[in-house]
Amino acid sequence: INKRKKKFIKMVKAVWNGVVIAESDDVVTVEGNAYIPLSSIKSDYFKKTSHTSVCGWKGTCNYYSVTVDGKTNENCCWIYENPKPEAANIKGRVAFWKGVQIQK
């Protein structure tokens, strides 16, 4: 078992600028980050950006910016749309950083 991957069932909410922007009880935790299905986001707040980054074992990820009440948090959400086989359990899931609070 790869210790970097762990699945548990617990409701999590992603909150930014005082608003719940995503929530799900389908959570996969990898390297301390809670990944939830893309379908769990409140899409009105999200806009895909052209920013990408590469992880050696997960692959290339794409980013979203979030706008709530006129304030934008650039590239605060990421997704591995086509991860490497070792990270298949996070395919199509999003995670957050840059001030987005994950409430469990």
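All figures in this text were calculated on a predicted structure; none of them were measured in a lab.

Chemist: Give a detailed account of the pattern of salt bridges, specifying residues and quantitative values.
Modeler: On inspection of all chains with the given rule, the structure shows three salt bridges. Of the charged contacts, one joins R93 and D26 as a salt bridge, the two residues approaching to 2.8 Å between their closest N and O atoms. Placement of R93 in strand 9 (residues 93–96) and of D26 in the loop between strand 3 (19–24) and strand 4 (27–30) is noted, with a sequence separation of 67 residues between them. The partly exposed category is assigned to D26, whose relative accessible area is 24%. Salt-bridge contacts for E31 lead to K58; the nearest nitrogen and oxygen are separated by 2.8 Å. Taken together, the residues span a long stretch of sequence, with E31 in the loop between strand 4 and strand 5 (33–37) and K58 in the loop between strand 6 (46–55) and strand 7 (59–68) at a distance of 27 residues. For E31, a relative accessible area of 43% puts it in the partly exposed group.

Chemist: Explain the pairing of strand 8 (residues 71–79) to me, using residue names and the numbers behind them.
Modeler: Across six bridges, the pairing between strand 7 and strand 8 is antiparallel. Each residue of the ladder has a partner; that of Y64, found in strand 8, is C77. What sits between strand 7 and strand 8 in their antiparallel hairpin is a turn of two residues, with D69 showing a positive phi close to 50°. Summarising the sheet, strand 8 and strand 9 pair through three bridges and their orientation is antiparallel. Residue W78 lies in a different strand from strand 9, and its bridge partner there is A95.

Chemist: So, the sheet that holds strand 2 (residues 12–16): which residues are in play, and what are the values?
Modeler: Strand order across the open sheet formed by three strands is 3-2-10, with antiparallel pairing between neighbours. Bordering the open sheet on either side are strand 3 and strand 10 (101–103), each of which pairs with just one other strand. Strand-to-strand twist of the sheet, defined as the mean angle between neighbouring strand axes without regard to direction, takes the value 25°.

Chemist: Which residues make up the packing of aromatic side chains, and what values do they have?
Modeler: Summed over all chains, the structure comprises four aromatic pairs. Measuring from ring centre to ring centre gives 6.1 Å for Y35 and W78, while their planes differ by 85°; the resulting arrangement is edge-to-face. Here Y35 is found in strand 5, whereas its partner W78 is found in strand 8, with 43 residues between them in sequence. Note on accessibility: Y35 and W78 belong to one class, buried. One aromatic cluster is present, built from ring pairs that chain together Y35, W78 and W97.

Chemist: Tell me about the side chain of K58, and please be specific about residues and values.
Modeler: With a relative accessible area of 4%, K58 lands in the buried category. Residues in contact with K58, not counting those within four places in the same chain, are E31, Y35, Y80, P83, K84, A87 and I90.

Cut-offs and rules
Residues numbered from 1 in each chain as written. Predicted model: local features only at pLDDT ≥ 70, side-chain atom pairs only at ≥ 80, totals over all residues. Heavy atoms only, no water. Salt bridge = Lys/Arg side-chain N within 4 Å of Asp/Glu carboxyl O. Helix = DSSP H or I, 4+ residues; strand = E, 2+ residues; numbered from the N terminus. Buried < 20%, exposed > 50% of the residue type's maximum accessible area, 1.4 Å probe, protein only. Pairing = 2+ DSSP bridges. Axes fitted to C-alpha atoms, helices over the stretch in contact; angles between N-to-C directions. Phe/Tyr/Trp six-rings, centres within 6.5 Å; stacked < 30°, edge-to-face > 60°. Contact = heavy atoms within 4.5 Å.

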